[in-house]
Each structure stands twice: as structure tokens, then as C-alpha cells.
Amino acid sequence: AGSVREVVGRRDGEDVSIRARIVVLSAGAYFSPVLLLNSANAYWPEGLANRSGQVGRNLMFHASDHIAVWPRGDRPAKGPRKTLAFRDFYLHEGKKLGAVQSTGRTVGYGYIVYFMKSQFDRSRWRWFKPLRPLLRIPAYLASYLFGRATVFATIVEDSAYPENRVVPDPDEPSGMRFEYVVRAELRERVLAMRRLLKKVFARHRSLMLNHDVDLNYGHPCGTCRFGTDPATSVLDENNKAHDLANLYVVDASFMPTSGGANPGLTIAANALRVADRISTALQQRGAAA
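Described below are features of the structure shown in this document. Everything numeric here is computed off the predicted structure, so don't read it as measured data.

## Some remarks on helix H2 (residues 109-121)
Here's step 1: Spanning 13 residues, H2 covers 18 Å between terminal C-alpha atoms, matching the ideal 18 Å at 1.5 Å per step.
Here's step 2: Three or more residues of H2 are buried, namely Ile-112, Val-113, Phe-115, Lys-117, Gln-119 and Phe-120.

## A look at the environment of Met-208
Here's step 1: For Met-208, the position within the fold is in strand S13 (residues 205-208).
Here's step 2: Overall, the relative accessible area of 12% leaves Met-208 in the buried class.
Here's step 3: Taking the C-alpha atoms as reference points, Met-208 and Arg-11, separated by 197 residues in sequence, lie 47 Å from one another.
Here's step 4: Residues in contact with Met-208, not counting those within four places in the same chain, are Asp-65, His-66, Ile-67, Phe-115, Arg-194 and Leu-197.

## Details of the packing of aromatic side chains
Here's step 1: On inspection of all chains with the given rule, the structure shows 10 aromatic pairs.
Here's step 2: Their ring planes at 55° and their centres at 5.5 Å tell us that Trp-127 and Phe-128 sit as a pair that is tilted.
Here's step 3: The class for Phe-128 is partly exposed, based on a relative accessible area of 36%.
Here's step 4: Taken together through their ring pairs, the aromatic side chains of Tyr-30, Phe-61, Phe-178, Tyr-180 and Tyr-217 make up a single cluster.
Here's step 5: The ring of Trp-44 has Arg-51 lying over it, and the distance from NZ or CZ to the ring centre is 4.1 Å.

Rules of the game
- Residues numbered from 1 in each chain as written.
- Predicted model: local features only at pLDDT ≥ 70, side-chain atom pairs only at ≥ 80, totals over all residues.
- Heavy atoms only, no water.
- Helix = DSSP H or I, 4+ residues; strand = E, 2+ residues; numbered from the N terminus.
- Expected span 1.5 Å × (residues − 1).
- Buried < 20%, exposed > 50% of the residue type's maximum accessible area, 1.4 Å probe, protein only.
- Contact = heavy atoms within 4.5 Å.
- Phe/Tyr/Trp six-rings, centres within 6.5 Å; stacked < 30°, edge-to-face > 60°.
- Lys NZ or Arg CZ within 6 Å of the ring centre and 35° of its normal.

Next comes the structure, spelled out in C-alpha cells:
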């Protein structure tokens, strides 16, 4: 009831069990909650560390738009590309938006063809298949007239909602699925960021490459969030599970908000912080023994 006794798994077709004084779970914001929810027993009928019912909930993504920009004048295309970023709109008129960064990608003929065909496949003309190969003509003209553009990406902060969640699903090959609804407030903030970008790049030719809200599934977080209240969070301020003496979760699932930037460095920095706490706890146990 109060600690993790062992981790049970299967390797090369054989069952294995691993015991440790402290267990650190870091399977990512998708699969850490799945492992906890699947680890139900008499002490934890709703899943390990899930007394609050929050395990797997509060799933957050980033909303990311891509905008192609053709700079005015004769600008060289050589040199480092993924070097520009700005956060002028991270907080704009009381709304949390996010950051903008260059992606390192350029827009030439091939990219324009791909974009036009993907737009065609979602249009009302998609039934008229003979028209699709002809899109190469306007794509070639666009690349000739505009030259090579560079692509910028936005990272718009998501908000936590309990209904957005990861759940185990044995019928899926991965063993999980997620349920997510794009809220009106997220759609409004994405549109606000697009309006600001159009204003920022007004002196240059630009083209927004997205139309609907485009979720970044590579940045999931929030599904085992930390906090000081065991009723509304899964982990305490040091990423230790509430009510469990020796279980820590140190991946992206700990984050209570998504933030408006790539979470990778934040996750790494927090893991190092928690590692110091674990080291201290082990030293204290050793001294007590």
C-alpha cells in the first residue's frame, strides 16, 4: 500500500522481476500513466499512485503552425538555418501564446508540390484526380517567382483539462489510446498567434501552411502532474508519488502546464533536480541503516 515492492516485466520471452529501494519511472507522458493504470491491485484498484484519479488525465500537446517566409531582397540561403527564435508573444494582452522559431527547412519546388497536393486532397476538388498531377505547374511557377523560402514554426501553450487523457487499450497495438478535444480557447489563441505573425512578416511574402489547429503529438505532457495537493495531482513537488515512499516519475508527464516552448530541456533539468533529491534520500537511508 505504501511502496513499490518490485517491477515485473518480460524480456526475451522470460518473466523477470527487479527490486530496488527506489523506483524511477520514465516511460514518457503516454506510457508512464499506462503502466501505472495497468498496475492495479487490492491496494490500488484504480491503478498505482492513482488515489486522486488524475493518472493519465490533463494530457497536453502543443499547437504548432508553420509559416513560409520569402525575405525581401537578395538573401543568401547558405549557412545555419535553425538559429532564429523570438518570444515576443509568449504573453500577449493577457493570453498565453508561445514562441516562434526557425525550423531549418526551406521551401523549394518539392515542398510546394507536397503542400499543394496535401491541400488538394482535403479540398472539395479531391474527386477530380486528373487535376492532381497538374499542380506541378503552379508549384514550379511559385518556386521560380518567389525563390526559396524558410519555414518558421510556432509553439503555442496548451492548457490542462481532466477530460483530455491517456487510457490503456488492449485492442490497440501500442496498448494505449488518448482522448482529446480541441477547446475553443485553444483555437482562439492559435488564431491570435497567426494574426500576430502576419503582422510581423508583413514586409515579406509569407504563406501560412496550416488551416486547422495542428497538434504536436511529439510534445505530450501533464499526465502525472506534480503539485502540493494529493487530491488534484499525482506527484509531490519532488516528483515522488503521493502516498508512495519510493516511486518517482521524471518524464514529461510531471508538467502541470505545457509551456510555450519545446519541453525537452525542462524535462532534463527537472530530472537532474530530482536526481539530487533521490541521492539525498538514499544517503539518509544508508545513514539510518
